[in-house]
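Reading the structure
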Amino acid sequence: MIWAVIPAAGRGTRFGGPLPKQYMEIAGRPLLGHALDALFADPRVDGAMVALAADDDRWPGWTSLHGRPVLSCVGGGERADSVLAALQALPADVGDDALILVHDAARPNLHALDLQRLIDAASADADGAILAAPVRDTLKRADAGADAGADVRILATQPRDHLWRALTPQAFRRGDLTAALLRARADDVAVTDEAMAMERTGARPRLVEGREDNLKVTTPADLALAEFLLSRRGQARGKR
Ligand SMILES: Nc1ccn([C@@H]2O[C@H](COP(=O)(O)OP(=O)(O)OP(=O)(O)O)[C@@H](O)[C@H]2O)c(=O)n1
Ligand SMILES: C[C@](O)(CO)[C@H](O)COP(=O)(O)O
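In this text, all values refer to a predicted model and were calculated from it rather than measured experimentally. (Residues numbered from 1 in each chain as written. Chains lettered and ligands numbered in written order. Predicted model: local features only at pLDDT ≥ 70, side-chain atom pairs only at ≥ 80, totals over all residues. Heavy atoms only, no water.)

1. Observations regarding the pattern of salt bridges
Put simply, the test is: We define a salt bridge as a contact between a side-chain nitrogen of Lys or Arg and a carboxyl oxygen of Asp or Glu at a distance within 4 Å. Accessibility here uses a 1.4 Å probe with only protein chains present; expressed as a share of the type maximum, an area under 20% marks a residue as buried, one over 50% as exposed, and anything in between as partly exposed.
In this structure the tally under the stated criterion is 15 salt bridges. Between aspartate 37 and arginine 29 there is a salt bridge, with its nearest N and O atoms 2.6 Å apart. Its relative accessible area of 21% is what places aspartate 37 among the partly exposed residues. With relative accessibility at 22%, the residue arginine 29 sits in the partly exposed group. For the salt bridge of arginine 107 with aspartate 104, the shortest nitrogen-to-oxygen distance reads 3.0 Å. Note on arginine 107: relative accessible area 7%, which makes it buried. What emerges from the salt-bridge pattern is a single network uniting Arg79, Asp104, Arg107 and Glu194.

2. As for the pairing of strand 6 (residues 68-74)
So the rule is basically this: One bridge is not enough; two strands pair if DSSP finds at least two bridges between them. Comment: elements are numbered from the N terminus, with helices defined as DSSP H or I runs of at least four residues and strands as E runs of at least two.
Judged from the five bridges that link them, strand 4 (residues 47-52) and strand 6 form a sheet pairing that is parallel. Note on strand 6: the bridge partner recorded for alanine 51 is cysteine 73. Here strand 5 (residues 64-65) hands over to strand 6 after two residues, with histidine 66 in that stretch at a positive phi of 50°.

3. Points about the UniProt feature "site: Positions MEP for the nucleophilic attack" (unreviewed entry) in the protein
Inclusion rule: UniProt positions are given in the numbering used here, feature names are shortened, and annotations may be inferred rather than shown by experiment. Under the rule applied, a polar contact is a pair of N or O atoms within 3.5 Å (in protein, one hydrogen donor and one hydrogen acceptor; residues adjacent in sequence only if both atoms are side-chain atoms).
Within this structure's numbering, the places UniProt gives as "site: Positions MEP for the nucleophilic attack" (unreviewed entry) are Arg160 and Lys216. For arginine 160, the position within the fold is in the loop between strand 10 (154-158) and strand 11 (164-173). Overall, the relative accessible area of 36% leaves arginine 160 in the partly exposed class. Residue position: lysine 216 is located in the loop between strand 12 (206-209) and helix 6 (220-239). For lysine 216, a relative accessible area of 27% gives the class partly exposed. For lysine 216, the side chain forms a polar contact with the side chain of threonine 218, separated by 2.8 Å.

4. A word on the site of ligand 1
Rule in force here: Each residue is tested against the molecule or strand, and it is near if at least one of its non-hydrogen atoms lies within 4 Å. Per-residue and other accessible areas were derived by the Shrake-Rupley procedure at a 1.4 Å probe size, with only the shown protein chains allowed to occlude residues.
Not every one of the 19 residues close to ligand 1 is listed here, only the nearest: Gly12, Thr13, Arg14, Lys21 and Ser82. The backbone of glycine 77 places a nitrogen or oxygen atom 3.1 Å from a nitrogen atom of ligand 1. Taken by itself ligand 1 offers 560 Å² of open surface, and the protein chains cover 88% of this. Mapped by element, the contributors of at least two residues to the shell around ligand 1 are strand 1 (2-8) and helix 2 (79-89).

5. Topic: the environment of aspartate 56
With respect to the helices and strands, aspartate 56 occurs in the loop between strand 4 and strand 5. Residues aspartate 56 and valine 74 lie 18 residues apart in sequence; the distance between their C-alpha atoms is 9.0 Å. Side-chain polar atoms of aspartate 56 contact the side chain of tyrosine 23, separated by 2.5 Å.

Here is the structure:
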């Protein structure tokens, strides 16, 4: 059994738009809808649980998409809290051995082949797997944060050997991931992705190389790029 968990309870503060970015639309459909469509592109995905903000008044109330169930629950203050809430809200027949695909609602451009390769890898590996992209740029450590304005300067060049950027979906067994997130919470450790929680338990998840255009919409510029990328896919579909 394979279920998707979609953390969609964020505020989108870095985006700064008129509404939470997961509800910004591309081609007349919210980013959250595109993320769900991408997950259901694989017929092995049996259903989806979406974690929403407690005051979310934009959720369309979907109960099924592409012939599969869509459920929702209330998320939490941090992304990890939302993922844990969704795991705990899954139906009773989704057992501890079910494979869970955690995918950001803010990533609308997941390709079916990447999803297929991730599911294949995670299904065969007890430590799970994540989509990720090898770092191909030279990396610089700065003397201040990106929001420090014009005067941000290079402190040092960082070695980039064996560095990858984590994407989503990230795929783990329900029982293992739930225990790992509970342990991180008990240890008061803030985890920024599911793999970090799993690594803390000794797991060594597989890195499955994913497309660079599986971008997370974080700023308005990202939305424009995502819109372009999705439009190109639409054009390609139209040519089949
Ligand atoms: N408490 C939270 C925070 C984030 N998310 C979700 O986690 C994904 C990735 O998080 P991010 O891109 O950081 O979204 P936001 O937290 O909304 O953005 P920001 O940090 O700019 O506020 C998003 O789909 C977001 O909705 C969530 O479900 N619950
Ligand atoms: C999960 C993630 O998308 C992997 O890169 C990333 O950690 C989310 O970070 P955010 O700050 O919650 O957007």
